[in-house]
Amino acid sequence: MDTRGGFLISRIKQAGGRRFDRMLDEAGIDAFNGAQGRILYVLWQGDGLTISQIGSQTSLANTTLTSMLERMEAGGLIRRAPSPQDRRAQLIFLTEAARALQADYEAISQRMNALYYDGFTEDEVRQLEGYLMRILHNLEGGK
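Just so we're clear, the structure is a prediction, and the values are computed from it rather than from any experiment.

What follows is about the side chain of Ser 83. Counting through the fold element by element, Ser 83 comes out in the loop between strand S2 (78-82) and strand S3 (90-94). Here the side chain of Ser 83 touches Asp 86 through a polar contact of 3.3 Å, landing on its backbone nitrogen. What Ser 83 contacts, discounting residues up to four positions off in sequence, is Ala 89, Gln 90 and Leu 91.

As structure tokens, this is what we get:
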């Protein structure tokens, strides 16, 4: 059987990233890009995380994450603090400037969600997300 799932998922990721960045631009949000938004999203759920914790939740490599966090720190979106439990680790915290962007980010995320699932029934959305979760589980070593 000839399959193209991985290719299609890659194209969807690229097209979605470009569209999300365009939506940010149209909304006048230039404080972060789509990839940095993934980091902010994780921190909006609860900050004070290590780089490794952020990496596991965003699937970004630590080397990529380190450079992105440096740019975000320079842009006033995050601050670092030493971990009280592990002197080698740093914890990443949001600044008030980053917290102020959450509502705008969530509005654009909702628009993206509507675009992704345009024309799908609720059952189709649940089914698709179930399949995607199975693929992610497989890729993350579930077998």
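Read across the sheet, three strands follow the order S1-S3-S2 without closing on themselves; strand pairing throughout is antiparallel. Whereas interior strands pair on both sides, the edge strands pair on one side only; in this sheet they are strand S1 (49-50) and S2. Where S2 and S3 come together, five bridges link them in antiparallel fashion. Each bridged residue has a counterpart across the sheet, and for Arg 80 the counterpart in S3 is Ile 92.

Counting 27 residues, the largest nonpolar core has Phe 32, Ile 39, Leu 40, Leu 43 and Leu 69 as its most contacted members. Looking at this core, the elements with two or more residues in it are helix H1 (5-26), helix H2 (34-45), helix H3 (51-58), helix H4 (62-74), S3 and helix H6 (102-116). The element that contributes the greatest number of residues to this core is H2, accounting for five residues. Other than its neighbours up to four places away in sequence, Ile 39 contacts Ile 54, Thr 58, Leu 60, Leu 65, Met 68, Leu 69 and Met 72.

Let's shift gears to unusual backbone geometry. The residue Ser 59 is not glycine, and still its phi comes out positive at about 65°. Relative to the assigned elements, Ser 59 resides in the loop between H3 and H4.

In this section: helix H7 (residues 122-139). Under the 1.5 Å per step criterion, the end-to-end length of H7 is 26 Å for 18 residues, consistent within 8% with the ideal 26 Å. Positive backbone phi, approximately 90°, marks Gly 141, located one or two places after H7.

Below, the discussion takes up the layout of surface pockets. Rolled over the atoms, a probe with the dimensions of a water molecule shows which regions are left empty. Considered as a void within the structure, the largest pocket measures approximately 1,900 Å³ in volume. If you go around the largest pocket, you meet 36 residues; those closest to its centre are Ile 12, Lys 13, Arg 38, Tyr 116 and Leu 132. For the lining of the largest pocket, the elements supplying multiple residues, two or more each, are H1, H2, H3, H6 and H7. For the lining of the largest pocket, the leading source of residues is H1, giving eleven residues. Of the residues contributing to the lining of the largest pocket, the split by class is 18 nonpolar, eleven polar and seven charged.

Criteria and cut-off values
Residues numbered from 1 in each chain as written. Predicted model: local features only at pLDDT ≥ 70, side-chain atom pairs only at ≥ 80, totals over all residues. Heavy atoms only, no water. Helix = DSSP H or I, 4+ residues; strand = E, 2+ residues; numbered from the N terminus. Polar contact = N/O pair within 3.5 Å; in protein donor to acceptor, adjacent residues only side chain to side chain. Contact = heavy atoms within 4.5 Å. Pairing = 2+ DSSP bridges. Core = buried A, V, L, I, M, F, W, Y, C linked by side-chain atoms within 4.5 Å. Buried < 20%, exposed > 50% of the residue type's maximum accessible area, 1.4 Å probe, protein only. Expected span 1.5 Å × (residues − 1). 1 Å grid on protein atoms, 1.4 Å probe; cavity = no way out; pocket = protein on both sides within 12 Å on 5 of 7 lines; lining within 4 Å. Points joined across faces, edges and corners; volume = space filled by probe spheres on them. Nonpolar A, V, L, I, M, F, W, Y, C, P; charged D, E, K, R; others polar.

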